[in-house]
Structure formats: structure tokens, C-alpha cells
Amino acid sequence: MKQHHALIWIVLLGMAALAFIGDWGLRAEKARRVIARETGKDDLECLWRVDGRDDVKETPSWWKIVRGARPRFIRVDWPAFQSDPRAAVEFAQAIRLFGSLEKFVADTRSPEVMTLLREFGHQPSLLYMNIFNASVTEEFSQILGNFPHLRGLSVVPGLFTGEGFAHMPDLEDADFRYGAITAQGLRDIVAASPKLTGIALSDQSSPAPELAAAIKELRASHPGLDISWNPPEE
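Residues numbered from 1 in each chain as written. Predicted model: local features only at pLDDT ≥ 70, side-chain atom pairs only at ≥ 80, totals over all residues. Heavy atoms only, no water.

K.L.:
Run through the overall build of the protein, naming residues and quoting values.
P.N.:
The helix and strand inventory of the protein stands at seven helices and nine strands. A total of 234 residues make up the protein; the buried ones form 46% of that total. Relative to all contacts within the protein whose residues are 6 or more apart in sequence, the contacts with residues 24 or more apart total 58%. (Helix = DSSP H or I, 4+ residues; strand = E, 2+ residues; numbered from the N terminus. Buried < 20%, exposed > 50% of the residue type's maximum accessible area, 1.4 Å probe, protein only. Contact = heavy atoms within 4.5 Å.)

The following block contains the structure:
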């Protein structure tokens, strides 16, 4: 009787495993097709790690994905997703399935940059993010929590203040030139980033006297932190 029950459990577990694998396989194929569709355009590039290579541009086959091929780098240029915001959501959710991003680069005024960041979900392997000329809003400080191991971050320019900055235990270098960082935002960024060694704040859009005071304070309390800053002319 015990052997009979054990056999039933083995069969049930096997069926559950096959169902899980089948479901993931279907979602992986759907994601693969979305990525292939969007990266067939000049304004969006995705590099894959396939069979030991890190620079494969062609979307790999379903079988190679099952064997471990994963997207690792994304570059977004103008005018990506301008005519189809839903495509940005579908693409980001396809990338989200794999959770394997290592670098994200965007140089576009497209509002879909924030959509991508929001929909990418948890990306524990993302180490570098460079965003230029995008409308990065206040929500960015919280979205960063999905990328907990970032080492390098550039947002030039940015509309976010830095207030409520997510915990970034591995962040070493940040570039927020031509942004809107406030005194409290700067304090939050530094407090949330214990490994931070350099932060660029030159040419903030509307620097308040409190920001200069916060910089002076943090330079004194964090001698290993290089804060690049050019005070506004009197």
C-alpha cells in the first residue's frame, strides 16, 4: 500500500513538473517572438548570451533559450515605441520573464523609457544603467529597488529629486548632471548607497542654497565620496 501511495505521489509530482515546464516553455516562446519583433527595428537592440558568447544580436531559437540563452544588454534609441506604447509594455514584460539583464542604455526622449523601467520587474543581474535625454520622473527613485545590484548609474538630465531613493548596496558611481536633485534627495541617495564613491551633480536645473549646504555637509562626513558640483554664479 505504501509503495502504491509513493508511486501516485511520484506520478503527480512528475505531472506537475511537466505542466510547469510546459507553461514556462509557452511563455518563453511568446517572449522570444516579442523580442525578435521589436529588435528587428533600428532603434532597439538586444544582445544575448548564447553558448558562451555575450554579443549575439540575433534572437536565439526556443531550444537555445531552453538550454540557457538569455538577453543581457538593451539599447533604446529614438524613436523607439513612439507609435505603439503597448509594444513597450510587451517588450519589457518579455525581458522580465528572463530576469537576466546586465546593462540598459537609453538615449531617447520617448516617455516609454519609464514604461520599460517599470515593466522590467526584478532584474538582479543589472549592473549598469545609462539614460540620456529621457523624461525620468520622480517614480524612478522607487523603481530602482528592482535593480538592487547596480554599480553604475547615469540619468542625464533627470526630473526626479532623489528623495526616497531605493537602497542601492552596490552602487559606486552616479551621474545626475542637469537634474533636479534636492538637498534631501542627495542625503537620501548617499544614505542608501554605502559604496558610493562618486556622484556628479553639475548644472542642476534649479539648485537651492540648501543643496550647496548638503554637499558641504556630506563632503565633511564622507571624505571618500567625490561630489562633482559647480555652484551657480551669484
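K.L.:
Help me get a handle on the confidence of the model for the protein, residues and values and all.
P.N.:
Close inspection of predicted coordinates is inappropriate in any region flagged by low pLDDT. Within the protein, residue pLDDT values average 88, and 88% of them lie at 70 or more. Highest mean pLDDT in the protein belongs to strand 7 (residues 173–175) (98); lowest belongs to helix 1 (residues 2–38) (66). (pLDDT = per-residue confidence, 0-100.)

K.L.:
Talk me through unusual backbone geometry; I want residue IDs and the actual numbers.
P.N.:
Cis rather than trans, the peptide bond between Trp78 and Pro79 has omega equal to 5°. Positionally, Pro79 belongs in the loop between strand 3 (70–77) and helix 3 (85–98). Residue Pro157 is reached from Val156 by a cis peptide bond, and omega for that bond is -10°. Of note, the phi angle at Asp203 is positive, near 60°, even though the residue is not glycine. Note that Asp203 resides in the loop between strand 8 (198–200) and helix 7 (209–221).

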